[in-house]
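Report on the structure
For reference, the chains in residue letters:
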Amino acid sequence: MHRVLANEQLSPNVYRLVVQAPRIAEIRRPGQFVIVHLGPGAERIPLTIADVDAAAGTISLVIQGIGKSTLDLVELVPGDVIDGIAGPLGRPTELPEHGHAVCVGGGVGTAVILPIAQALHARGVAVTSIIGGRSREWVILEDELKACGEVVTCTDDGSYGRPGFVTTALADELARGGVDEVFAVGPVPMMRAVVGLTGPAEVKTTVSLNPIMVDGTGMCGGCRVTVDGIVRYACVEGPEFDGLRVDFNELADRQSTYRPFEKAALEHREACKIGLRTGAPVDAPPVGAGAGARP
Amino acid sequence: MTLDPEAPLTPKVPLTPKERMALKRVAMPEQDATARSANFGEVNLGLTEQLAILEAERCLQCPKPYCIDGCPVRVNIPQFIRFLRDGDIKSAAQSLLSDNALPCVTGRVCPQEIQCEKVCLRAKTGQSVAIGHLERFVADWGQRHAAEIAGSPAVRTGKTVAIVGSGPAGLTAAGELAKLGHEVTVFEAFHAAGGVLIYGIPEFRLPKDIVAAEVDRLIAQGVTIEANAIIGTTYTLPELREKFDAVFIAVGAGLPVFMNVPGENLKGVYSANEYLTRVNLMGAWTEGADTPVLHGQRVVVVGGGNVAMDAVRTARRLGAASATIVYRRGREELPARAEEVHHAEQEGVEFEYLAAPTEVLGDESRWVTSVRCVRMALGEPDESGRRRPEPIEGSEFDIPCDMLVVAIGTRSNPLLTQTAPDLEVTKWGYIVTDESGMTSMPGVFAGGDIVRGAATVILAMGDGKRAAAAIDAYLRGELPALPSAEPAAVA
Ligand SMILES: Cc1cc2nc3c(=O)[nH]c(=O)nc-3n(C[C@H](O)[C@H](O)[C@H](O)COP(=O)(O)OP(=O)(O)OC[C@H]3O[C@@H](n4cnc5c(N)ncnc54)[C@H](O)[C@@H]3O)c2cc1C
Ligand SMILES: Cc1cc2nc3c(=O)[nH]c(=O)nc-3n(C[C@H](O)[C@H](O)[C@H](O)COP(=O)(O)OP(=O)(O)OC[C@H]3O[C@@H](n4cnc5c(N)ncnc54)[C@H](O)[C@@H]3O)c2cc1C
Ligand code: FES
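Residues numbered from 1 in each chain as written. Chains lettered and ligands numbered in written order. Predicted model: local features only at pLDDT ≥ 70, side-chain atom pairs only at ≥ 80, totals over all residues. Heavy atoms only, no water.

Considering the overall build of chain B
Each helix and strand in chain B was counted, giving 21 helices and 16 strands. On C-alpha atoms alone, chain B measures out to a radius of gyration of 24 Å, which is about the 23 Å that the 2.2 N^0.38 rule sets for 491 residues. Counting across all 491 residues of chain B, residues that qualify as buried make up 58%. Contacts in chain B between residues at least 24 apart in sequence constitute 68% of all its contacts with a sequence separation of at least 6. As displayed, chain B has an accessible area near 20,500 Å², and 53% of this comes from carbon and sulfur atoms. Both charge centroids of chain B, one from 48 positive and one from 62 negative side chains, sit 5 Å from each other. (Helix = DSSP H or I, 4+ residues; strand = E, 2+ residues; numbered from the N terminus. Rg over C-alpha atoms; globule rule 2.2 N^0.38 Å. Buried < 20%, exposed > 50% of the residue type's maximum accessible area, 1.4 Å probe, protein only. Contact = heavy atoms within 4.5 Å. Areas by Shrake-Rupley, 256 points an atom, 1.4 Å probe, with all protein chains shown as cover. Lys, Arg positive; Asp, Glu negative; His and termini not counted. Charge placed at Lys NZ, Arg CZ, Asp CG, Glu CD.)

Here it is, written out as structure tokens:
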């Protein structure tokens, strides 16, 4: 049982939950995540440990409410409890000893970047964070990252900071030179675009992958990704990998496996919320999501 | 005298040996095959008391019972059957439970046909006594009357034992150690206890209520279950060893093995572990569960063991119009329990024998569309004594499918062992133990699949029981390997 101590809205759909988890708070290292199981019937979902307060025995989860399970979590209020939080999982980030690192965060990926930037800063690596959002209200964790070094904030509509995508800002940073390593976390198209820049520039690039997971301990193989032609289980061998070697097409493709289910679950949730009785329970798409998902 | 299962039974009448021998093995009542291939209700419905007592009459009460030798944990089979025959089900249940901690489970999932029932004297001249069915009957009665047969609480020893993993090995050891008065904490990586019994074996073969009741019984005995605790990450083994007086590792062999053929990462390809975990542990077969699972229409399952049978029969229940097993040997060689194969056949599962996948094919959106297989021929016997399948060149053929489940085995998970440098493991990552079950780390014992490689429930339970006895001896200072807690002061 893990009590929720605080829930703060960071953007239109991103929330920061502070949750009791003393053991994890004590031993987690940057780059690690947990599997959260809200209660009976709930899904097990992976979430990065965005921050910890070891003394208070709490961890912060920065969650983007995009589907049934994440919306259930972001609606929790202080005092609510989460049945299970398993972890810490995954290999900690391999941190360089010195030099200059650029941390690129797209959307909720910024929450994954934060603990990495904090750890880099703590060991004396110069950090430049490049984060972005559609518009001003979508920018998250800017202050926290400013505590770690320079921050370049980009908005697609130019309503705040630099107009344009994070990748444009990264291109400038790379052109300026002196970048030893890049950490990039965000939606697949963003990470793919990042390595499209860092690859030719021959800059080491670490990405954190988010395939669909179940157990998080290596027992299902659902999280398999291909890196350098070799199949890897992201939950135990990752989630961070050499971005220049990741098969992003396969990752994006596998992430879409349950699209029709996710849509149905969301619609059912909405219907329940507004008090409608839909009559029928959420049905699995008729011919397996497989066929259902085909164009 | 005639004994008709429908007629009221008068068990007091002693039967003559001839009458006894004339009794036919009772048939397990089961759900109709067509109906059950569309639901998750248990296939076997269980014997009625009348059928059970009738079947118990068939036991010859051999003075030298081979069945006991055939049982990996040496359950005193004739004894519990005799109590049952005499109508004393309570004593039957007590007798059974004193030998076997989870008889409700083993009565359903043991491969009796190659164990106790194989060596039953009656098998020589006809059909063996239905020992598994009788075990299940007595055990289910015992679970319903748990309060009546509970032993008195043990005197506390003040010793603490950590158990890692809550599968049959861990649960058995926990029960035995609690009975002996030790304070037991079970650490389980998942959010629920039971191991393969809850995430692997489906509801239609082993209802989850039954496993939950066993876990509740342990909790009532004072066992603490710490779920979501992964040893190797949440705590390391050396940490546990420091905090507890002894440790028992029973983490199973849970890592899925894939075929290593092209196309295995296409959408619609599952490991059996993932497929069954989604369906069973995460309840994806129930309405309104949050965890999704694909409902394939044409499903192929690769493998021939219990895991493969469970996956293919699950797919049928989730609506697959065709569900096919692809196995590289023949029907005779299937390692699955005979009953499961029989049930699968009844449920319309198709079997493609002597075939092995070479490639998984997909469409442009990377959904699986078929599996390419090569024909196999059985060659000379290999180390396991089974004839080795060899591919026939140029014999490739495709089986169309929209979902593929790989059920060709599992191996050890390095999560725990990699944080315990002092723990000796084989080159395959299985933990090495001595006869007592102790590992290379004093006070740390291991058993079940993580020692044997993927085996059976009953062997895992046997290991749990043996390790519990060894741990008890160790805690009382009677096990030779016991190093003194503190180095003896030299005068
Ligand atoms: C290592 C790791 C760390 C992550 N960290 C964070 C984080 O810090 N904050 C955050 O908001 N999100 C994080 N995610 C993603 C998060 O787990 C998913 O957004 C969430 O599971 C979606 O569930 P849902 O029911 O709300 O949405 P759904 O509608 O079910 O799914 C939306 C999308 O999320 C992905 N998804 C669905 N189920 C899973 C699953 N079981 N595991 C992984 N992805 C899934 C799929 O790509 C899907 O298309 C992380 C993922 C991984 C693998
Ligand atoms: C689908 C399927 C069907 C089967 N059918 C049969 C059958 O009909 N008859 C039969 O006799 N056998 C059957 N078997 C085999 C049998 O289930 C296993 O041999 C038996 O369960 C092994 O027991 P165990 O206690 O060693 O491990 P498991 O049952 O595997 O339990 C291990 C437990 O440890 C947990 N764990 C793992 N790592 C850690 C860690 N690091 N920290 C904490 N916890 C951890 C796991 O989550 C799990 O709960 C089947 C197996 C499967 C998968
Ligand atoms: S999530 Fe199951 S193996 Fe990685």
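Looking at the packing of helix α5 (residues 77–85) of chain B against helix α6 (residues 89–99) of chain B
The axes of two packed helices give the description: the angle between them and the distance between them. All names here are of chain B. Interhelical geometry of α5 versus α6 gives an angle of 165° and a closest axis separation of 7 Å. With respect to their mutual orientation, α5 and α6 come out roughly antiparallel. In the packing of α5 onto α6, the handedness of the crossing is left-handed. Residue-level inspection shows Gln-79, Phe-80, Phe-83 and Leu-84 of α5 in contact with α6, the latter providing Ile-89, Ser-91, Ala-92, Ser-95 and Leu-96. (Axes fitted to C-alpha atoms, helices over the stretch in contact; angles between N-to-C directions. Parallel < 35°, antiparallel > 145°, perpendicular 65-115°, else oblique. Left-handed = near helix turned anticlockwise from the far one by under 90°.)

A few points about the site of ligand 1
Residue and element names in this part refer to chain A. Ligand 1 sits among 24 residues. The nearest are Pro-46, Val-62, Gln-64, Ser-69 and Thr-70. Thr-70 is positioned such that a nitrogen or oxygen atom in its side chain is 2.4 Å from an oxygen atom of ligand 1. Between a nitrogen atom of ligand 1 and a main-chain N or O atom of Met-213, the distance comes to 2.9 Å. Here ligand 1, which alone exposes 850 Å², has 90% of that area covered by the protein. Counting only elements with at least two residues in the shell around ligand 1, the list comes to β4 (44–48), β6 (58–64), α2 (68–74) and α9 (259–273). Per-element tally for the shell around ligand 1: the top contributor is β4, with five residues. Among the residues forming the shell around ligand 1, the class breakdown is twelve nonpolar, seven polar and five charged. (Near = heavy atom within 4 Å. Polar contact = N/O pair within 3.5 Å; in protein donor to acceptor, adjacent residues only side chain to side chain. Nonpolar A, V, L, I, M, F, W, Y, C, P; charged D, E, K, R; others polar.)

Some thoughts on the environment of B:Ile225
Residue and element names in this part refer to chain B. Its place among the elements puts Ile-225 in strand β3 (residues 224–226). Ile-225 gets classed as partly exposed once you look at its relative accessible area, which sits at 24%. Sequence separation of Ile-225 and Val-360 is 135 residues, and the distance between their C-alpha atoms is 41 Å. Ignoring any residue separated from it by four or fewer positions in sequence, one finds Ile-225 in contact with Val-186, Ala-193, Val-215 and Ile-219.

Some thoughts on the confidence of the model for chain A
Of all residues in chain A, 93% have pLDDT values of 70 or greater, and the mean over the chain is 90. Low pLDDT, under 50, characterises residues 276–295 of chain A; the stretch is placed with 38 contacts to residues that sit more than four places away or in other chains. (pLDDT = per-residue confidence, 0-100.)

With respect to the nonpolar core
Core analysis: the biggest nonpolar cluster contains 84 residues, and B:Ile77, B:Phe80, B:Leu84, B:Ile163, B:Phe248 and B:Phe445 have the highest contact counts within it. With residues up to four places along the chain from it excluded, the contact list for B:Ile77 reads B:Cys67, B:Ile68, B:Cys71, B:Cys116 and B:Ile131. A:Leu174, A:Phe241, A:Val246 and B:Val371 belong to the second-largest nonpolar core, a separate cluster that totals 54 residues. (Core = buried A, V, L, I, M, F, W, Y, C linked by side-chain atoms within 4.5 Å.)

Considerations on a nonpolar patch on the surface
On the surface, a cluster of nonpolar side chains totalling about 330 Å² of accessible area is made up of B:Met21, B:Leu60, B:Tyr66 and B:Leu121. Along the chain, B:Leu121 turns up in helix α9 (residues 121–125). (Patch = residues over 30% accessible without salt bridge, like charges linked within 9 Å, V, L, I, M, F, W, Y side chains within 5 Å. Salt bridge = Lys/Arg side-chain N within 4 Å of Asp/Glu carboxyl O.)

A few points about the interface of chain B and chain A
The partner chain A presents 47 residues to the 44 residues of chain B that form the contact. In total, chain B and chain A occlude about 3,800 Å² of area from one another, counting both sides; carbon and sulfur atoms represent 55% of this. The largest contributions to the chain B side of the interface with chain A come from B:Asn265, B:Asp290 and B:Trp367, which together make up 19% of the buried area. Between the two partners, chain B and chain A, sit five salt bridges. One salt bridge connects A:Asp253 with B:Lys267, and the closest N-O pair in it is separated by 2.7 Å. Put simply, chain B and chain A have 20 residue pairs in polar contact (both at pLDDT 80 or more) between them. At the level of elements, β5 (255–256), β6 (269–271), α16 (272–281) and β11 (368–381) of chain B are the ones that each hand at least two residues to the side of chain B that touches chain A. By residue number, the principal contributor to the side of chain B that touches chain A is α16(B), which donates four residues. (Buried area = accessible area lost by both parts, 1.4 Å probe.)

A look at the packing of helix α12 (residues 168–179) of chain B against helix α21 (residues 457–475) of chain B
All names here are of chain B. One way to put it is that α12 packs onto α21 with a least axis distance of 7 Å and a crossing angle of 35°. Every pair of crossing elements has a handedness; the one defined by α12 and α21 is right-handed. Here Pro-168, Ala-169, Thr-172, Ala-173, Glu-176 and Leu-177 of α12 lie close against α21, whose contacting residues are Val-457, Ala-460, Met-461, Gly-464, Lys-465, Ala-468, Ile-471 and Asp-472. Per-class residue counts for the contact of α12 with α21 are nine nonpolar, two polar and three charged.

Observations concerning α5(B)
Residue and element names in this part refer to chain B. Along α5, the residues classified as buried are Ile-77, Pro-78, Phe-80, Ile-81, Leu-84 and Arg-85. The buried residues of α5 occupy an angular sector of 165° when projected down its axis, which confines them to one face. Buried positions along α5 lie against α1 (17–22), α3 (49–56), α4 (66–70), α6, α8 (116–119) and α10 (131–144). Two or three places before Gln-79, at the start of α5, stands the capping residue Asn-76, its side-chain oxygen 3.2 Å from that residue's backbone nitrogen. One or two steps after α5, the chain reaches Gly-87, where phi turns positive at roughly 80°. (Arc of directions from axis to C-beta.)

A few points about unusual backbone geometry
The residue after A:Gly87, namely A:Pro88, is reached through a cis peptide bond having omega 0°. Mapping A:Pro88 onto the fold places it in strand β8 (residues 84–89). The amide bond that connects A:Gly238 to the next residue, A:Pro239, takes the cis arrangement and shows omega of 5°. Look at B:Gln61: it is not a glycine, yet its phi comes out positive at around 50°. By the secondary structure assignment, B:Gln61 is in the loop between α3 and α4. Positive phi, close to 65°, is recorded for B:Asn260, a residue that is not glycine. Residue placement: B:Asn260 occurs in the loop between β5 and β6.

Observations concerning the sheet that holds β6(A)
Across a sheet, strands are paired by hydrogen bonds formed along the backbone, either parallel or antiparallel in direction. Residue and element names in this part refer to chain A. If you walk across this open sheet you meet the five strands as β5-β6-β2-β1-β7, and the pairing is antiparallel. The open sheet is flanked by β5 (51–53) and β7 (81–82), the only strands paired with a single partner. Here strand β1 (residues 2–9) runs beside β7; their pairing, made up of two bridges, is antiparallel. Residue Arg-3 lies in a different strand from β7, and its bridge partner there is Val-81. (Pairing = 2+ DSSP bridges.)

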